[in-house]
Amino acid sequence: MKKESVVAKKKFGQNFLKDQTVLQKIVQAMPKNDNKIVEIGPGLGDLTKYLVDVKSVEAFEVDTDLCKLLQEEFKEEIATKRLHINCGDVLQAWKSALVDEAYDLVANLPYYIATNIILKALADPMCKNILVMVQLEVAEKFCADAGQKVFGSLGIITQSVGNAHIVVKVPPTAFEPPPKIDSAVFLITKNKDRTDKDFEDMLRVAFSQPRKTLIKNLSSKYEKSELLIAFDSLELMQTLRPHQVSTDDYHQLYKKIKI
Ligand code: SAM
């Protein structure tokens, strides 16, 4: 099969990034370090071409037709071990660490599993930085700050392990075929390991009904009397909604109320 005759497969979330300016912006935003690059979903290899110029790349692609194309197109890079392609579902391949050395994830992600992939990368001790393209709405959730309506578990988990910002917003015209929604590239710089599971369970309860007050949501699982003492000692008002409380205050609250 020739590259030109590839028909994008919807079931694999295939929207190929064709805009060279956006591709260059992704490469410019890459953290400067010696980490390996992991690319999930190299697709037709448009981003891969830039990445192998800078560093060695471990790629994961589920579509066997595309794997064959990539193996042909990057023959030289594969022979010189600049590129290694794993053909298969990245989620199946992902144990606690995806590869056994420090890496940065750089990718235009398949949107249908983007949040899942980012959460796995946040929890992966070998993953040091995450530079990815996703739906704009998802990028905004990961990059949100306390007080913003979209601030929730994703923003709190991200702020607990590092910091995040949007690098560039990307319109549908940058892709072939164009998706129906706007996209964005964002960068998470990790400096700590991911939060523990019980903390994340507390967040799930805290945001179970985003329009209700935080104390009301939490009282479905935690003792009201303990919550009142904790809120009081942290000087948190009982009228606060879940998105109005900072990451630091969530951690303080967790220390006081965890069972
Ligand atoms: N990186 C290319 C680009 O920027 O043009 C393609 C990006 S496209 C949005 C997503 C890519 O992820 C596709 O190549 C798709 O086949 C691949 N993909 C989808 N699900 C996958 C999975 N579970 N494991 C690995 N790759 C996957």
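Everything below is about the structure printed above this text.
Residues numbered from 1 in each chain as written. Predicted model: local features only at pLDDT ≥ 70, side-chain atom pairs only at ≥ 80, totals over all residues. Heavy atoms only, no water.

(A) Region of interest: the overall build of the protein chain. Helix and strand content of the protein chain: 12 helices and 9 strands. C-alpha atoms of the protein chain, sized along the principal axes, occupy 65 × 35 × 30 Å. Every one of the 259 residues in the protein chain was classed for burial, and the buried ones make up 48%. Carbon and sulfur atoms make up 50% of the accessible area of the protein chain, which totals about 13,200 Å². Between the centroid of the 36 positive side chains of the protein chain and the centroid of its 35 negative side chains there is a distance of 4 Å. (Helix = DSSP H or I, 4+ residues; strand = E, 2+ residues; numbered from the N terminus. Buried < 20%, exposed > 50% of the residue type's maximum accessible area, 1.4 Å probe, protein only. Areas by Shrake-Rupley, 256 points an atom, 1.4 Å probe, with all protein chains shown as cover. Lys, Arg positive; Asp, Glu negative; His and termini not counted. Charge placed at Lys NZ, Arg CZ, Asp CG, Glu CD.)

(B) Inspection of helix H3 (residues 64–73) at higher detail. Every buried residue of H3 is listed here: Leu 66, Cys 67, Leu 69 and Leu 70. Here the buried residues of H3 occupy an arc of 165 degrees about the axis, which is enough to place them on one side. Exposed residues on H3 whose side chains face more than 90 degrees from its buried face are Lys 68 and Glu 72. Buried positions along H3 lie against strand S1 (16–17), strand S3 (57–61), helix H4 (75–79) and strand S4 (83–87). Between a side-chain oxygen at the N-terminus of H3 and the backbone nitrogen of Asp 65 the separation is 3.0 Å; the capping residue is Asp 63. (Arc of directions from axis to C-beta. Contact = heavy atoms within 4.5 Å. Polar contact = N/O pair within 3.5 Å; in protein donor to acceptor, adjacent residues only side chain to side chain.)

(C) Here's a closer look at the pairing of S3. A large share of S3 lies buried, amounting to 5 of its 5 residues. Here S3 shows two buried faces, one formed by Val 57, Ala 59 and Glu 61 and the other by Glu 58 and Phe 60. Pairing between strand S2 (residues 36–40) and S3: 4 bridges, direction parallel. Along S3, the bridge assignment pairs Ile 37 with Val 57. With respect to chirality, the unit in which S2 leads through helix H2 (residues 46–54) into the neighbouring parallel S3 is right-handed. (Pairing = 2+ DSSP bridges. Right-handed = clockwise from strand over helix to strand, strands pointing away.)

(D) Structural detail: the site of the ligand. Around the ligand sit 23 residues, and of these Leu 17, Gly 41, Glu 61, Asn 108 and Tyr 112 come closest. For the ligand, whose unbound accessible area comes to 590 Å², protein coverage reaches 99%. Each residue belonging to the shell around the ligand can be placed in one class, and the counts come to 12 nonpolar, 7 polar and 4 charged. (Near = heavy atom within 4 Å. Nonpolar A, V, L, I, M, F, W, Y, C, P; charged D, E, K, R; others polar.)

(E) Molecular detail of the side chain of Thr 247. Relative to the helices and strands, Thr 247 is located in helix H12 (residues 247–257). What Thr 247 contacts, discounting residues up to four positions off in sequence, is Phe 151, Ile 156, Gln 159 and Ser 160.

(F) Structural view of the state of the cysteines. Throughout the structure, instances matching the rule amount to 1 disulfide. The disulfide bridge from Cys 67 ends at Cys 87, spanning 2.3 Å between sulfur atoms. Classification of the bridge connecting Cys 67 and Cys 87 rests on its S-S torsion, roughly 105 degrees, and on that basis the disulfide is right-handed. Separated by 20 residues along the polypeptide, Cys 67 in helix H3 and Cys 87 in strand S4 bring together distant segments of the chain. Note on Cys 127: no disulfide assigned, nearest cysteine sulfur contributed by Cys 143 at a separation of 15 Å. For Cys 127, a relative accessible area of 1% translates into the label buried. (Disulfide = S-S within 2.5 Å.)

(G) Main features of the sheet that holds strand S9 (residues 183–190). Taken in spatial order, the 7 strands make up an open sheet running S4-S3-S2-S5-S6-S9-S7, and their pairing is mixed. At either margin of the open sheet sits one strand with a lone partner, and together these are S4 and strand S7 (162–170). Pairwise comparison of adjacent strand axes, ignoring direction, gives a mean angle of 20 degrees for this sheet. Alignment of S7 against S9, held across 8 bridges, turns out to be antiparallel. Residue pairing for S9: His 165 is matched across the bridge by Leu 187. With respect to the sheet, H3 is in contact with S3 and S4, its orientation differing from that of S4 by roughly 160 degrees. Strands in contact with helix H6 (residues 114–123) are S2, strand S5 (103–108), strand S6 (127–135) and S9; relative to S6, the strand with the most contacts, it is inclined by about 170 degrees. (Axes fitted to C-alpha atoms, helices over the stretch in contact; angles between N-to-C directions.)

(H) Structural detail: unusual backbone geometry. In this structure, the amide linkage connecting Glu 176 to the following residue, Pro 177, adopts the cis form with an omega of -10 degrees. Here Pro 177 is to be found in the loop between strand S8 (175–176) and S9. Of note in the backbone geometry, Lys 81 takes a positive phi value of approximately 65 degrees without being a glycine. With respect to the element layout, Lys 81 can be found in the loop between H4 and S4. The exposure class assigned to Lys 81 is exposed, which follows from its relative accessible area of 69%. Unusually for a residue other than glycine, Glu 235 sits at a positive phi of about 55 degrees. Among the secondary structure elements, Glu 235 is positioned in the loop between helix H11 (224–233) and H12. Judged by relative accessible area, which is 74%, Glu 235 ranks as exposed.

Taken by themselves, the reported measurements are silent on function.
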